[in-house]
Amino acid sequence: MQKHSKIMHFDDSMRRQESISNGVFPEDIWIDILVKLPVKSLVRFLVVSKSWKSLISNNRFAKLHLHRSKGNEQLLRVGFNPESYFPEISILNLHGSRDGEKNHLLGNISFPFPIKPFEEVVIDGSCNGLVVLRTKSILGIILCNLATRKFCHLQLPFNEIYPLVGLCYITETTDYKIVRIQNNEGKSNVGWIYSLNAFSWTRLNVDFPYIKVQRGQSGMATIFNECMYWITDEDGGRIATLDVKNEAFKYISLPAFEGLFSVFPRTLGIINGSLSIIISISTEKYNLRFEVWKMNEYQDSWTKLFSFNDPFNIIAQPIGSWKDGSVIFKYLTGNSEKVCSYDPSNEKLHRLCMSGSVNLQVINYVESMESVDGEIRRIS
């Protein structure tokens, strides 16, 4: 069928004597149907037959499913369950029903590996449905697909203190890369990179200075166009960037804003397909103003997208962005933090049903069938 030709790019090896259609539909129609399904359903279909398992487990099918999933971006919230005291990951759809806060919360994700009460779980990277996790009780890090519940435990080649970290996908080599950079003041810092294709760590061919990550921020990088970005407090503030594919490091200047000082740590995000920065500014009248800037194509220059006065009756800190331009904020109520979103284009504020202990994380996320390594590896 002509209208389905765009999604048919499978190797001849995918042509099986046992037809997936069983004489009912051609295979390309089955593919067009299956890529629309959630990962939970696809995992169940793996046991339907050998032909279905072969199709759904195919890397090219995973890429088709991922391409469709990117239109349904979600948020992950990482924190503690206030009742059980276990860490938990919640998943939220920002553009869910507006009838009430609870309709934004899609549910909780249980960890596919053993976890303890009061265990602090930190996400160090998120890309195409894969996340890098670490805990205090597990040595090394965990690379995990939360949707398929497959994971592998990676030992680290060095001891580290507050490293710079990130996870990104390199299109040319179809490889996922995990970067971890030792970041000790006054010392020679070394970067290491893990290749999911090679299942091994290698040392980065670049010398890293000590990068003073801005106060109140973790070392997790923002990923854009196969580069990693960190905001620093050096020289009044600038951006450190690592081109992962070419292993090249440099600094980028921040946009020039008018105001007394930046109240909260500046926040990077991806808005309308551009790397963007959110700045909270104290004005001469000590009012709070927020500005959103996008980085131009040639870097080192910025264009202001939005400027808006504080829309809250609470002290709210920007912590991220949504692809359509909404800014994600967190605010403290009692002993827990909650999350809200604000769209400066239409001035709509939505308080989201996501609360948790102080220092919660909110991460942009999409479900996918991307493989960790094809098999589950248990943590010893």
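Per-chain numbering applies: the sequence of each chain, read as written, is numbered from 1 onward. Confidence filtering applies because this is a predicted model: local features only for residues at pLDDT of at least 70, side-chain atom pairs given and counted only at 80 or more, and all residues used for totals across whole chains, interfaces and linings. The side-chain values count all of the structure's non-hydrogen atoms but skip hydrogen atoms and water molecules.

J.: Kindly report on the side chain of Arg266, identifying the contributing residues and their values.
T.: Checked against the element boundaries, Arg266 lands in the loop between strand E16 (261-262) and strand E17 (267-271). Note on contacts: a residue pair qualifies if any of its non-hydrogen atoms lie within 4.5 Å across the two residues. Apart from the residues lying within four places of it in its own chain, the contact partners of Arg266 are Gln214, Gln217, Ile231, Thr232, Asp233, Gly236, Gly237, Leu254, Ile277, Ile278 and Ile279. Here a helix means four or more residues in a row that DSSP labels H or I, a strand means two or more in a row labelled E, and each is numbered from the N terminus.

J.: Go over the pairing of strand E9 (residues 175-181), please, and point to the residues and values.
T.: Here E9 lies mainly inside the structure; 7 of its 7 residues are buried. Side chains of E9 alternate between two faces, with Asp175, Lys177, Val179 and Ile181 and Tyr176, Ile178 and Arg180 buried alike. Strands were regarded as paired on the criterion that DSSP finds at least two bridges between them. Between strand E8 (residues 164-170) and E9, which follow one another and run antiparallel, lie 4 residues, and Thr174 among them has a positive phi close to 45 degrees. Here E9 runs beside strand E10 (residues 191-195); their pairing, made up of 5 bridges, is antiparallel. Its bridge partner lying in E10, Val179 is registered against Ile193. Burial status follows relative accessibility: with a 1.4 Å probe on protein chains alone, a residue under 20% of its type maximum counts as buried, one over 50% as exposed, and anything between as partly exposed.

J.: Can you tell me about the nonpolar core, naming the residues and giving the values?
T.: Among soluble globular proteins, nonpolar side chains are generally buried collectively. The biggest cluster of nonpolar side chains holds 31 residues, and the ones touching the most others in it are Leu76, Leu133 and Leu146. Among all residues touching Leu146, those that are not within four sequence positions of it are Leu76, Ile89, Ile109, Gly129, Val131 and Tyr365. Put simply, a nonpolar core is a bunch of buried Ala, Val, Leu, Ile, Met, Phe, Trp, Tyr and Cys residues held in one set by side-chain atoms that sit within 4.5 Å of each other. Counting 20 residues, the second-largest nonpolar core is a separate cluster that includes Ile141, Leu143, Tyr176 and Val372.

J.: Let's hear about helix H1 (residues 27-34): which residues, and what values?
T.: For H1, the tally of buried residues reaches 6 of 8 residues, placing the bulk of the element in the interior. Buried residues along H1 sit in contact with helix H2 (39-45), helix H3 (50-56) and helix H4 (59-69).

J.: Break down the sheet that holds E8 for me, citing the residues and quoting the values.
T.: Strands sit in the order E8-E9-E10-E11 across an open sheet of 4 strands; the sheet is antiparallel. Edge positions in the open sheet fall to E8 and strand E11 (200-203), since each of these has one partner strand only. The average angle at which neighbouring strand axes cross in this sheet is 25 degrees, direction not considered. Note that E10 and E11 share 4 bridges and pair antiparallel. To obtain each axis, a line is fitted to C-alpha atoms, and for helices this fit is confined to the stretch in contact; angles are then taken between N-to-C directions over 0 to 180 degrees.

J.: Explain unusual backbone geometry residue by residue, including any values.
T.: The backbone of Thr174 shows a phi angle near 45 degrees, a positive value even though the residue is not glycine. When its relative accessible area of 45% is taken as the criterion, Thr174 is described as partly exposed. Despite not being glycine, Phe199 shows a phi value in the positive range, around 55 degrees. Residue position: Phe199 is located in the loop between E10 and E11. When its relative accessible area of 40% is taken as the criterion, Phe199 is described as partly exposed.

J.: Break down the confidence of the model for the chain for me, with residues and values.
T.: Interpretation of the predicted coordinates at a detailed level should be avoided for regions scoring low in pLDDT. Confidence of the predictor at the level of single residues is given by pLDDT, which spans 0 to 100. Per-residue pLDDT for the chain averages 81, and the proportion of residues at 70 or more is 85%. Below a pLDDT of 50 lies the segment residues 1-21, which in the model reaches 39 contacts outside its immediate sequence neighbourhood of four places, other chains included. Long-range and interchain partners of residues 97-102, a stretch whose pLDDT sits below 50, account for 7 contacts in this model, where long-range means more than four residues apart.

J.: Could you give me a rundown of the sheet that holds strand E2 (residues 87-92), with the residues and numbers involved?
T.: Two modes of strand pairing occur in sheets, parallel and antiparallel, and in both the strands are linked by backbone hydrogen bonds. A sheet is described by the order of its strands in space; here 4 strands give the open sequence E3-E2-E1-E25, paired in antiparallel fashion. Looking at the sheet topology across the chains shown, the edges are occupied by strand E3 (105-109) and strand E25 (361-365). On average, each strand axis in the sheet is inclined to that of its neighbour by 25 degrees, with strand direction left out of account. Bridge count for strand E1 (residues 74-80) against E25 is 5 bridges, and the pairing is antiparallel. Bridge pairing in E25 places Arg77 opposite Val362.

J.: How would you explain H4 if you had to name every residue and give the values?
T.: Residues of H4 that are buried: Phe61, Ala62, His65, Leu66 and Ser69. Considered in projection along H4, the buried side chains sweep an arc of 140 degrees and stay on one side of the axis. The secondary structure elements touched by the buried residues of H4 are H1, H2, H3 and E9. Contacts described as polar in this section are N or O atom pairs within 3.5 Å, which, within protein, must combine one atom able to donate a hydrogen with one able to accept it, while residues neighboring in sequence count only if both atoms come from side chains. Capping the start of H4 is the job of one residue whose side-chain oxygen sits 2.8 Å from the backbone nitrogen of Arg60: Asn58. Taking the helix axis as origin, the arc is that swept by the directions to the C-beta atoms.

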